[in-house]
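Below are the chains, spelled out letter by letter.
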Amino acid sequence: MERSEAELIAAVLAGDAASFEPLVAKYSPRVFATARRYARRESEIEDICQEVWLKAFDKLKSFRGEAPFEHWLMRMAVRTCYDFLRGHQRNRVSSFSEISEPEEDWLERFVAEPGNAAEDADAAKMLIDRVLEKLSPEARLIIQLLEIEDRSVKEIAVITGWSVPLVKVRAFRARGEMKKILARITKEKYL
Amino acid sequence: MNLPELQKKLIAAARLQPPDDRVPYAFEKRIMAQLAARSATDHWVFWARGLWRAAAACVAVAVVFGAVSLLKPAAPDNSNDLSQDFENTLLASADLPDNSSPP
């Protein structure tokens, strides 16, 4: 008979580490999906997920069962991704001259007629990935959670551990930062 | 260029990207192996931690005693007296008046 999540967690806390495996198997797809939103290379993604699970094992005592285990785990995953972003800040001031031809074409279509540039085009996806990579870790996290995942400010505050006013301030700054990056792309290409 | 519109389009493009939730083969086995390896080294960590704590306590005691010996007012210098006493003791027999010689 399959054991419930609460039973598995209780068993792990009682010293039966093997009971942790079903939890890893069940929630790894969600952890990987979260990690892939913040990191590109598979090796980095695996490192993040590994860290999330090791942290989850170490801090399982702090899980009080008030909220679903999944929420607790996702909070840990997002915080680990944020730590990863802070630790791997790439050169975000680099030029955009390296944007690919399809991206350029998509931008040209957008400039000519915004309605004709489809959001589901691969070039648009590549471009937004590029823009997100140029953002600061705080801005990227906020844009990802607030704009892309459509989470509320309160939810973000719970996930990140930041206060609600801080989330609002950072969201304002993040939108500004994104606008600046977009302005730079268009300035380099179309001025 | 309509930047807010471009921003909206790109955000919409990002929303359309389904997050890839593929998990590498036997990932959970790897995690379990790591946890097992960690618990094996935990015994060494336990001893290492204990020994480091003991070392820290020893250093603290040494520092306290060092400080006490440095800050304690120096005792009056009795080295001369001691040497004098030593000399007197040593030469006491020689200093005795020679009463054994024949009159």
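Just so it is clear, the structure is predicted and the values come from calculations on it, not from any experiment.

Participant: Mind showing me how you'd approach the overall build of chain B here?
Facilitator: Tallying secondary structure elements over chain B gives four helices and zero strands in all. Along the chain direction, N to C, the helices and strands of chain B fall in the order α-α-α-α. Considering chain B as a whole, with its 103 residues, one finds that 13% of them fall into the buried category. For chain B, the computed accessible surface area is about 8500 Å², with 65% contributed by carbon and sulfur atoms.

Participant: Help me out: how do you make sense of the packing of aromatic side chains in this one?
Facilitator: Ring pairs (aromatic) are described by centroid distance and by the angle formed between their planes. Counting across every chain of the model gives 10 aromatic pairs over all chains. Note on A:Tyr27 and A:Phe69: the rings are 5.5 Å apart at their centroids and 55° apart in plane angle, and the pair reads as tilted. Taken together, the residues A:Tyr27 in helix α2 (residues 20-38) and A:Phe69 in helix α4 (residues 69-87) connect sequence positions 42 residues apart. You can call A:Tyr27 buried: its relative accessible area is 6%. Judged by relative accessible area, A:Phe69 falls into the buried class, the value being 1%. Ring plane angle 85° and centroid distance 4.9 Å describe the contact between A:Phe32 and B:Phe27, whose orientation is recorded as edge-to-face. Here A:Phe32 is found in helix α2, whereas its partner B:Phe27 is found in helix α2 (residues 27-71) on a different chain.

Participant: Can you help me understand the interface of chain B and chain A in this one?
Facilitator: Size of an interface: often given as the accessible area lost when the parts come together. The interface is formed by 30 residues belonging to chain B together with 46 residues belonging to chain A. Both sides of the chain B and chain A interface together cover about 3500 Å² of buried area, and 71% of this is carbon and sulfur. Among the residues of chain B in contact with chain A, B:Gln7, B:Lys9 and B:Leu10 are the three that bury the most area, contributing 18% of the side total. In this assembly, chain B and chain A are joined by five salt bridges. The salt bridge involving B:Asp20 is made with A:Arg36; its shortest N-O contact spans 3.9 Å. Taken together, the connections running from chain B to chain A amount to seven residue pairs in polar contact (both at pLDDT 80 or more). Residue contributions to the side of chain B that touches chain A peak at 12 residues, all from helix α1 (residues 3-16) of chain B. Looking at the side of chain B that touches chain A, its residues break down into 16 nonpolar, four polar and 10 charged.

Participant: In this structure, what is going on with the nonpolar core? I would like to understand it.
Facilitator: Taken as a class, soluble globular proteins show a tendency for nonpolar side chains to be buried jointly. Counting residues in hydrophobic clusters, the biggest one holds 73 residues, and the most contacted among them are A:Phe20, A:Trp53, A:Phe69, A:Leu73, A:Trp106 and B:Leu10. Looking at this core element by element, the count peaks at 11 residues for α4(A). The contacts of A:Leu73, once residues within four sequence positions are left out, are A:Tyr27, A:Val31, A:Val52, A:Trp53 and A:Ala56.

Participant: Just to check I follow, could you spell out the domain arrangement of chain B for this structure?
Facilitator: In terms of domains, chain B is made up of domain 1 (3-37) and domain 2 (42-70). Distance between the C-alpha centres of domain 1 of chain B and domain 2 of chain B: 47 Å.

Participant: Is there a simple way to think about the confidence of the model for chain B in this case?
Facilitator: A low pLDDT means the predicted coordinates there should not be read in detail. Across chain B, the average pLDDT comes to 82, with 84% of residues at 70 or higher. Reported for the predicted complex are a pTM of 0.73 and an ipTM of 0.80.

Participant: What's the story with a nonpolar patch on the surface in this structure? I'm lost.
Facilitator: There is a patch of nonpolar side chains on the surface, built from B:Phe86, B:Leu90 and B:Leu91 and spanning about 330 Å² of accessible area. Structurally, B:Leu90 can be placed in helix α3 (residues 79-90).

The rules behind each value
Residues numbered from 1 in each chain as written. Chains lettered and ligands numbered in written order. Predicted model: local features only at pLDDT ≥ 70, side-chain atom pairs only at ≥ 80, totals over all residues. Heavy atoms only, no water. Helix = DSSP H or I, 4+ residues; strand = E, 2+ residues; numbered from the N terminus. Buried < 20%, exposed > 50% of the residue type's maximum accessible area, 1.4 Å probe, protein only. Areas by Shrake-Rupley, 256 points an atom, 1.4 Å probe, with all protein chains shown as cover. Phe/Tyr/Trp six-rings, centres within 6.5 Å; stacked < 30°, edge-to-face > 60°. Contact = heavy atoms within 4.5 Å. Buried area = accessible area lost by both parts, 1.4 Å probe. Salt bridge = Lys/Arg side-chain N within 4 Å of Asp/Glu carboxyl O. Polar contact = N/O pair within 3.5 Å; in protein donor to acceptor, adjacent residues only side chain to side chain. Nonpolar A, V, L, I, M, F, W, Y, C, P; charged D, E, K, R; others polar. Core = buried A, V, L, I, M, F, W, Y, C linked by side-chain atoms within 4.5 Å. Domains from an automatic or database assignment. pLDDT = per-residue confidence, 0-100. Patch = residues over 30% accessible without salt bridge, like charges linked within 9 Å, V, L, I, M, F, W, Y side chains within 5 Å.

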